[in-house]
Amino acid sequence: MRTPRTKRGRCASPEILSVRLAPHVVLEANPSGELVTRFQSHSFSLGKFSARIADRAQKLHSGLQFSSFASGRDKEFHLLIRRLAGHGLTEYHLGHPRNGEDLVVIEPQVSDYWPRTITIRDTDVLVLSRFAYMRRRGNEMVLESPRAGALFKICNPKIATALAIFSRPQQIRRLPRQDPFPWTKLLALLVDCEILFKLKTPNDSGLRLTEGDDNLVLWDFHDLLFHTRSTEGRHANPLGGLYSYARAISSPPAVRPSWPGKKIALSKFSAEQSEIISPFARLLRQRHSTRNFDDQRPITLEELSLFLDGTARILSEGTSKLGFGDNGPSITYASRPYPSAGACYELELYIAVDKCEDLARGFYHYEASEHALVPIEARSSQLEAMLMRAAFAMGAPAVPQILITVAARFARVSWKYSAIAYELILKDVGALMQTFYLTATDMGLGGCAIGIVNIDLFAKMTGIEFHVEGPVGQFAIGRGIRSETGPPLL
Ligand SMILES: Cc1cc2nc3c(=O)[nH]c(=O)nc-3n(C[C@H](O)[C@H](O)[C@H](O)COP(=O)(O)O)c2cc1C
């Protein structure tokens, strides 16, 4: 499998990595020197570049050797590639050193992916990550991992076969020799993406307890995959309300067709009875989503405090011992107004403030035990991006006054539950969302749940790795515009 050695024992590495524009991307130069990229229905400017760069950039349609610019000596060209890569518009081809045939195509999945060649020594022992998997995509075979910054399209089946050996730890020097093939480079790129990892000591098993930190150990494979693929930020697949199969499959009906059998009619509340139904039942009927907010009369800090107090403040704390005998571990509990699976209460609230009377614009963590807000130093461009994404998800003309990001401390649940941890977390989010909705309605505020959240942006704003604590839901609140109508009231 190894490439030929030089006299000094290192692997000779002919240049086989090239960068290309992703297949759907077109790059054009305006007469003014501005480089514009077009893909699908989008187009945007990458900035002004010299004629030399515009000319060289055209080579990106067919491919350009990675080493020819990666050193950064040509600063202007390097800047252009970094900009393209930052928008996920490039891909990287690993070619056969003899005939240039594509062996692997690397497709970035995170916005700042940049291929790094990790040094691989003969003494290193590598093994596949338990999160790595290979699957059919269309008529291709792809190697992926929810941890990886990029996906590897395997163009030659021999590579898929050869990688199978890494289901057990393998020392590089003991690998069987193969044809001239950029094996070391591929392994280095796979280690960089955490699809393969190096064992800390040669005798490690490479099993679950030896891969990553304690937080990672607690994740089940399907849960981490579900989290990264059902949110935004760590994959490049289309997502959201795309109606992808609307032409092929008709919409399932809003109301399920009846079961056969004799119906037993149930009594219901009528409009005339509305004065006798309980205040809570009325609250339920009044609840609706509000996406437009009155920025002339923003929500106040006092209202936000009451909202958080009513929905998420810690009401009591306690400790209990796990029934593993005298030395069993202790667990601390902190109950809040909404129900939570196993009383784990893993959900944390992060508050992005655009407009709030008596509270500065910024990003805060809600400390549920102290009932206090703690500012988090996030870049204002990141705060803006978070608020803009929420406005986009709501189809709203302006950003919400307050955006609550619900983040989960995943390990709090997965320490106890196997196989069902992530779905329990999402159910907890549902319980919290309804608590938000009802409290907002009760307080005369407007609110709206948001279904798409960017986990990479949150990781950048907080500096917390995505597998440790990350967003699982968002909720916008503020003073709703009165004209917005909800469903008819009782
Ligand atoms: C899990 C969840 C995700 C939602 N995501 C969005 C969203 O991204 N954008 C949006 O405008 N509304 C979103 N909503 C609000 C729904 O569109 C809304 O609840 C639904 O249309 C019913 O309207 P109502 O809440 O006014 O009764 C979401 C609601 C839930 C429960």
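*Asks:* For this particular structure, what's the right way to read the overall build of the protein?
*Replies:* Summing up its helical and strand segments, the protein has 13 helices and 21 strands in all. C-alpha extents for the protein along the principal axes are approximately 90 × 75 × 55 Å. Sorting the 490 residues of the protein into buried and exposed places 35% on the buried side. The long-range share in the protein, meaning contacts at least 24 apart out of those at least 6 apart in sequence, stands at 70%.

*Asks:* Mind showing me how you'd approach the environment of Ala164 here?
*Replies:* You can see Ala164 is positioned in the loop between helix H4 (157–163) and strand S12 (170–171). According to the C-beta neighbour criterion, Ala164 is exposed, with 10 such atoms within 10 Å.

*Asks:* I would appreciate a short explanation of the environment of Leu80 in the present structure.
*Replies:* Locating Leu80 in the fold gives a position in helix H3 (residues 75–86). Note: C-alpha distance between Leu80 and Ala57 (23 residues apart in sequence) is 8.3 Å. With sequence-adjacent residues up to four places away left out, Leu80 is seen in contact with Leu35, Leu46, Phe49, Ile53 and Ala57.

*Asks:* Is there a simple way to think about the sheet that holds strand S4 (residues 42–48) in this case?
*Replies:* By definition, the strands of a sheet pair up through backbone hydrogen bonds, in either a parallel or an antiparallel sense. In space, the 3 strands of this open sheet follow the order S2-S3-S4, with antiparallel pairing throughout. Each having just a single partner strand, strand S2 (25–29) and S4 make up the two edges of the open sheet. Pairwise comparison of adjacent strand axes, ignoring direction, gives a mean angle of 20 degrees for this sheet. For S2 and strand S3 (residues 34–39), the ladder comprises 5 bridges, and the chain directions are antiparallel. The partner of Val26 across the bridge, within S3, is Arg38.

*Asks:* For this particular structure, what's the right way to read the site of the ligand?
*Replies:* Near the ligand lie 14 residues; those nearest to it are His288, Ser289, Met394, Ala449 and Gly451. When contributions to the shell around the ligand are tallied by element, the ones reaching two or more residues are helix H10 (380–394) and strand S20 (446–450). Of the residues belonging to the shell around the ligand, the class tally is 8 nonpolar, 5 polar and 1 charged.

*Asks:* Looking at this structure, how should I read the packing of H10 against helix H13 (residues 455–462)?
*Replies:* If you want to describe how two helices pack, look at the angle between their axes and the distance between the axes. Packing of H10 against H13 leaves a shortest axis separation of 10 Å and a crossing angle of 150 degrees. Relative to H13, H10 is oriented roughly antiparallel. The two elements H10 and H13 meet at a crossing, and its hand is left-handed. Contact residues: H10 offers Gln382, Ala385 and Met386, while H13 offers Leu457, Lys460 and Met461. Of the residues that constitute the contact of H10 with H13, the class distribution is 4 nonpolar, 1 polar and 1 charged.

*Asks:* Teacher, can you tell me more about the sheet that holds strand S8 (residues 125–128) here?
*Replies:* Spatially, 3 strands are ordered S12-S8-S13 in an open sheet, and the strand pairing comes out antiparallel. Each having just a single partner strand, S12 and strand S13 (196–198) make up the two edges of the open sheet. Set on the sheet, helix H5 (residues 183–192) makes contact with S8 and S13; between it and S13 the angle comes to about 90 degrees.

*Asks:* I would appreciate a short explanation of the nonpolar core in the present structure.
*Replies:* One recurring pattern in soluble globular proteins: nonpolar side chains tend to sit buried together. Judged by nonpolar contacts, the single largest core of 109 residues is most densely connected at Leu187, Leu196, Ile351, Ala390, Ile402 and Ile477. Formed jointly, this core draws a minimum of three residues from each of two domains, domain 1 (17–211) and domain 2 (277–478). When neighbours within four sequence positions are excluded, Ala390 is seen to be in contact with Val399, Pro400, Leu403, Ile450, Gln474 and Ala476.

*Asks:* Please explain unusual backbone geometry as it appears in this structure.
*Replies:* Peptide bonds are, in most cases, trans, and in most cases residues other than glycine have a negative phi. With phi around 55 degrees, Ala343 is a residue other than glycine that occupies positive phi space. Overall, the presence of 14 C-beta atoms within 10 Å leaves Ala343 in the partly exposed class. Residue Tyr345 is not a glycine yet carries a positive backbone phi of 45 degrees. Here Tyr345 lies in the loop between strand S15 (330–335) and strand S16 (347–353).

*Asks:* Looking at this structure, how should I read the pairing of S16?
*Replies:* It is a general feature of regular strands that their side chains alternate between the two faces of the sheet. For S16, the tally of buried residues reaches 6 of 7 residues, placing the bulk of the element in the interior. In the sheet, S16 pairs with strand S19 (residues 402–409) via 7 bridges, with the strands oriented antiparallel. Residue Ile351 lies in a different strand from S19, and its bridge partner there is Ile404. Pairing of S16 with strand S17 (residues 362–367) involves 4 bridges; the strand directions are antiparallel. Each bridged residue has a counterpart across the sheet, and for Val353 the counterpart in S17 is Gly362.

*Asks:* Looking at this structure, how should I read helix H12 (residues 421–443)?
*Replies:* Two residues of an α-helix separated by three or four positions point the same way, owing to the 3.6 residues in each turn. Between its first and last C-alpha atoms H12 spans 33 Å; for 23 residues at 1.5 Å apiece the expected length is 33 Å, and the two agree. Within H12 the residues assigned to the buried category are Ala421, Tyr422, Leu424, Ile425, Asp428, Leu432, Met433, Phe436, Tyr437, Thr439, Ala440 and Thr441.

*Asks:* What's the story with the confidence of the model for the protein in this structure? I'm lost.
*Replies:* Should the pLDDT be low somewhere, the predicted coordinates at that spot are not to be read in detail. Scored by pLDDT, the protein has a mean of 91; 93% of the residues are at 70 or more. Note on residues 1–14: pLDDT under 50 across the span, and 29 contacts to partners over four residues away in sequence or across chains. Confidence over residues 486–490 falls short of pLDDT 50; this stretch has 9 contacts with residues more than four positions distant or in other chains.

*Asks:* Where do I start with the packing of helix H9 (residues 301–311) against H12 in this structure?
*Replies:* Following both chains from N to C, one finds H9 and H12 inclined at 135 degrees, their axes separated by 10 Å at the closest point. Viewed along their axes, H9 and H12 adopt a mutual orientation that is oblique. As H9 packs across H12, the resulting crossing turns out to be right-handed. Packed against H9, whose contacting residues are Glu303, Leu306, Phe307, Gly310 and Thr311, the element H12 presents Thr435, Phe436, Thr439, Ala440 and Met443 at the interface. Class assignment for the residues of the contact of H9 with H12 results in 5 nonpolar, 4 polar and 1 charged.

How each quantity is defined
- Residues numbered from 1 in each chain as written.
- Predicted model: local features only at pLDDT ≥ 70, side-chain atom pairs only at ≥ 80, totals over all residues.
- Helix = DSSP H or I, 4+ residues; strand = E, 2+ residues; numbered from the N terminus.
- Buried ≥ 20, exposed ≤ 12 C-beta atoms within 10 Å, placed from the backbone.
- Contact = placed C-beta atoms within 7 Å.
- Pairing = 2+ DSSP bridges.
- Axes fitted to C-alpha atoms, helices over the stretch in contact; angles between N-to-C directions.
- Near = placed C-beta within 6 Å.
- Nonpolar A, V, L, I, M, F, W, Y, C, P; charged D, E, K, R; others polar.
- Parallel < 35°, antiparallel > 145°, perpendicular 65-115°, else oblique.
- Left-handed = near helix turned anticlockwise from the far one by under 90°.
- Core = buried A, V, L, I, M, F, W, Y, C linked by C-beta atoms within 7 Å.
- Domains from an automatic or database assignment.
- Expected span 1.5 Å × (residues − 1).
- pLDDT = per-residue confidence, 0-100.

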